[in-house]
Amino acid sequence: MATGDLALGQEKGSTSAQKRVVNDFSIIVATVNGSGSQSANSVLLKSIFGMGVPVSGKNLFPSNIAGLPTWFTIRASKDGYVARRKGSQILVAMNPETAKQDMVELDIGGVAIYEESLNLKQYRSDVVCYPVPFDKITASVCPEAKLRKLVKNMVYVGVVAHILSLDLKVVENGVRKQFARKQKVFDLNFGAVKAGYDYAQEKLVKQDPYLIEHMNQTAGKIIIDGNAAAGMGAVFAGVTVVAWYPITPSTSLIEATADLLKKFRVTPEGKATFAVVQAEDELAAIGMVLGAGWAGARSMTSTSGPGISLMAEFAGLGYYAEIPGVIFDVQRTGPSTGMPTRTSQADLLSVAFLSHGDTKHIVLLPGSVKECFEFGYTAFDVAERFQTPVFVLTDLDLGMNNWMSEPFQYPDKPLDRGKVLTAEDLKRLGGFARYRDVDGDAIGWRTLPGTDHPKAAYFTRGSGHNDAAGYTELPHEYVAVMERLLRKFENSRKHLPAPVAVKNGTSKIGFLAYGSTDFALCESLDQIKNEYKADVDYMRIRAFPFAHEIHDFVASHERIYVVEQDRDAQLASLLKLDLPADQVVKLRSILYYNGLPMDARSITEEFATKEGL
């Protein structure tokens, strides 16, 4: 398709003879870090959402200082797919440093919108080019030169809105929500949107096939990121102590939690009924969490891979001394510093066995923002019921990016504080042994500091102890404690979120995955069916230790593909440790670990290659 210049012989507003592409494409906006593009991208995303079209947004940003390249991808999908899509059909090139490469990577038949001085049409003859004098338009609507860098982003919102036939009223509502508190700021920004829209309407001739048309697929839905959802879940769970140290990509989880606590956990007199403490490092943060958990508070921290490494010794203390606490791990790439602003699922093995010695931790694996909320409060019940640290494993893609979701449901069950003895209980019993299994569930009874009874006190120790919490180095007493801890861990299987049989028919082949991989895998299932006429089953794992349903799923298939976002097949490795030996040979891996969110096409192509399709 020829491009570049406007088709002078074409009537304004007409569309080329190409087949229309409606509500099914990706937009990539290339800007620089710190340019204020986040608000503009949010308006564009929510405007498409406001048109009733399923949408998702992903921010690819640098971990360094302002001024480096950043990209924001918006996917519109009439079919409801929200995973990253390979390639982009529409480019908004606002960064001169990357403009040429962004243009080169654009799909054939795509659209490029750019500052006219960049002259990007010289690099491609197979895309439609819409050069726009962004600087001139911005100067005309923004007298203050220092604000123009920010306002220019809203001009491209207007240009894109016209080219894609977005309802300007919907866009206006999006701008109003973004700047609801300041009328002058709204006026300035919507003025920029309108200027871009008017320019495109007057000067640009529609030559591409891409359009957004009204649908009704977003009614009643919300847009939220996983970190905000998890923080909300923690507040619903009654968290009162939050200790943390800033680290990408988990910081916004704590910020969301703190904002809600300040709003909903304050007495009428204005006194906070919670504590949020920024510790000197992650090691101190987990220490505070366990101290608060021992004292009876619902406590949490949030971190990423490097922080998890620092928390190892305290995690072992929490496991062995049986102290509840919740640790959110929003995974990023490693090892070491890795790529702090890229996503990964490579902490799974670290978290499952965090600490030295024989240690096994309960891990919850949410696969959507809704589950980030639900597991965000479930984790506290599990931690107190089983008296142990509980890890909630998300990742940067799920945690920091925008996802469409059904509204969250208010929890309908009371908090489960586990086996706690009151003074009245102790008066009736005459005392207790902290680590004695009196009920056959491998969980001892505990008391909380301040319980008004002389028999309430006990030691918490990370050294060898017997069932009365006394120090010991007797082999049989140590073995008894370790075997009880293992029974407790094994017993937790049936009390954790069960796996979801996304598709379980009569296929001989099955997929296993967890977390954000689910979005790409569900789309890949459709691709495999449409392109290769193959029905493949799929079960999504939601917790470790693994439920017995996963064993049954593996047993009922000849081949199982374990799809995960790490190099070393960590989920497959855990499964191999858990499954019977004769079932392990069924496992194969599809691995993806370049730091970008997983896309469906990568799964489909590797599956087809391995299956010889």
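All of these numbers come straight from a predicted model, not from anything done at the bench. (Residues numbered from 1 in each chain as written. Predicted model: local features only at pLDDT ≥ 70, side-chain atom pairs only at ≥ 80, totals over all residues. Heavy atoms only, no water.)

Undergrad: I would appreciate a short explanation of the environment of Gly293 in the present structure.
TA: With respect to the secondary-structure elements, Gly293 resides in helix α9 (residues 282-294). Measuring from C-alpha to C-alpha, the distance between Gly293 and Phe186 comes to 46 Å, with 107 residues separating the pair along the chain. When near neighbours in sequence (up to four residues on either side) are disregarded, Gly293 contacts Ser299, Ile323, Pro324 and Arg446. (Helix = DSSP H or I, 4+ residues; strand = E, 2+ residues; numbered from the N terminus. Contact = heavy atoms within 4.5 Å.)

Undergrad: Quick question: what am I supposed to make of the side chain of Lys586 here?
TA: Inspection of the secondary structure puts Lys586 in the loop between α20 (581-584) and β22 (587-591). Salt bridges are absent for the buried Lys586, whose nearest opposite-charge side chain, Asp582, sits at 6.9 Å. Separated by 2.8 Å, the side chains of Lys586 and Gln583 make a polar contact. Excluding its chain neighbours within four sequence positions, the residues that come into contact with Lys586 are Val554, Ala555, His557, Glu558, Arg559 and Ile560. (Buried < 20%, exposed > 50% of the residue type's maximum accessible area, 1.4 Å probe, protein only. Lys, Arg positive; Asp, Glu negative; His and termini not counted. Salt bridge = Lys/Arg side-chain N within 4 Å of Asp/Glu carboxyl O. Polar contact = N/O pair within 3.5 Å; in protein donor to acceptor, adjacent residues only side chain to side chain.)

Undergrad: Mind showing me how you'd approach the pairing of strand β5 (residues 90-93) here?
TA: Along a regular strand, successive side chains alternate from one face of the sheet to the other. Judged by which residues are buried, β5 turns out to be covered on both faces: Ile90 and Val92 on one side and Leu91 and Ala93 on the other are all buried. Pairing between strand β2 (residues 24-32) and β5: four bridges, direction parallel. In the sheet register, Ile27 faces β5, and the bridge partner there is Ile90. For β5 and strand β6 (residues 111-115), the ladder comprises four bridges, and the chain directions are parallel. From the neighbouring strand, Ile90 faces β6, where its bridge partner is Val111. The β-α-β motif built from β5, the intervening helix α2 (residues 99-105) and the parallel element β6 has right-handed crossover chirality. (Pairing = 2+ DSSP bridges. Right-handed = clockwise from strand over helix to strand, strands pointing away.)

Undergrad: Looking at this model, I keep getting lost on helix α5 (residues 168-178). Mind explaining?
TA: An α-helical turn contains 3.6 residues, so any two residues separated by three or four positions project in the same direction. All of the buried residues in α5 are Leu168, Val170, Val171, Glu172, Gly174 and Val175. Against α1 (37-50), α4 (148-163) and α6 (183-203) lie the buried residues of α5. Measuring from the backbone nitrogen of Lys169 back to the side-chain oxygen at the start of α5 gives 2.9 Å, which picks out Asp167 as the cap.

Undergrad: Could you clarify how one ought to interpret the packing of aromatic side chains in this entry?
TA: For any two aromatic rings, the description comes down to two numbers: the centre-to-centre distance and the angle of the planes. Under the counting rule described, the total for this entry stands at 14 aromatic pairs. Arranged with centres 4.8 Å apart and planes meeting at 10°, the rings of Phe373 and Phe408 form a pair that is stacked. Of the two residues, Phe373 is situated in helix α13 (residues 369-386) and Phe408 in the loop between β16 (402-405) and α15 (423-429); the sequence distance between them amounts to 35 residues. For Phe373, a relative accessible area of 1% translates into the label buried. Ring geometry for Tyr561 versus Phe607: centroids 5.3 Å apart, planes at 75°, classification edge-to-face. Taken together, the positions of Tyr561 in strand β21 (residues 559-564) and Phe607 in helix α21 (residues 600-611) put the pair 46 residues apart, joining distant regions of the chain. A single burial state applies to Tyr561 and to Phe607, both of which are buried. Here the aromatic residues Phe236, Phe373, Tyr377, Phe408 and Tyr410 are joined through ring pairs into a cluster of three or more. (Phe/Tyr/Trp six-rings, centres within 6.5 Å; stacked < 30°, edge-to-face > 60°.)

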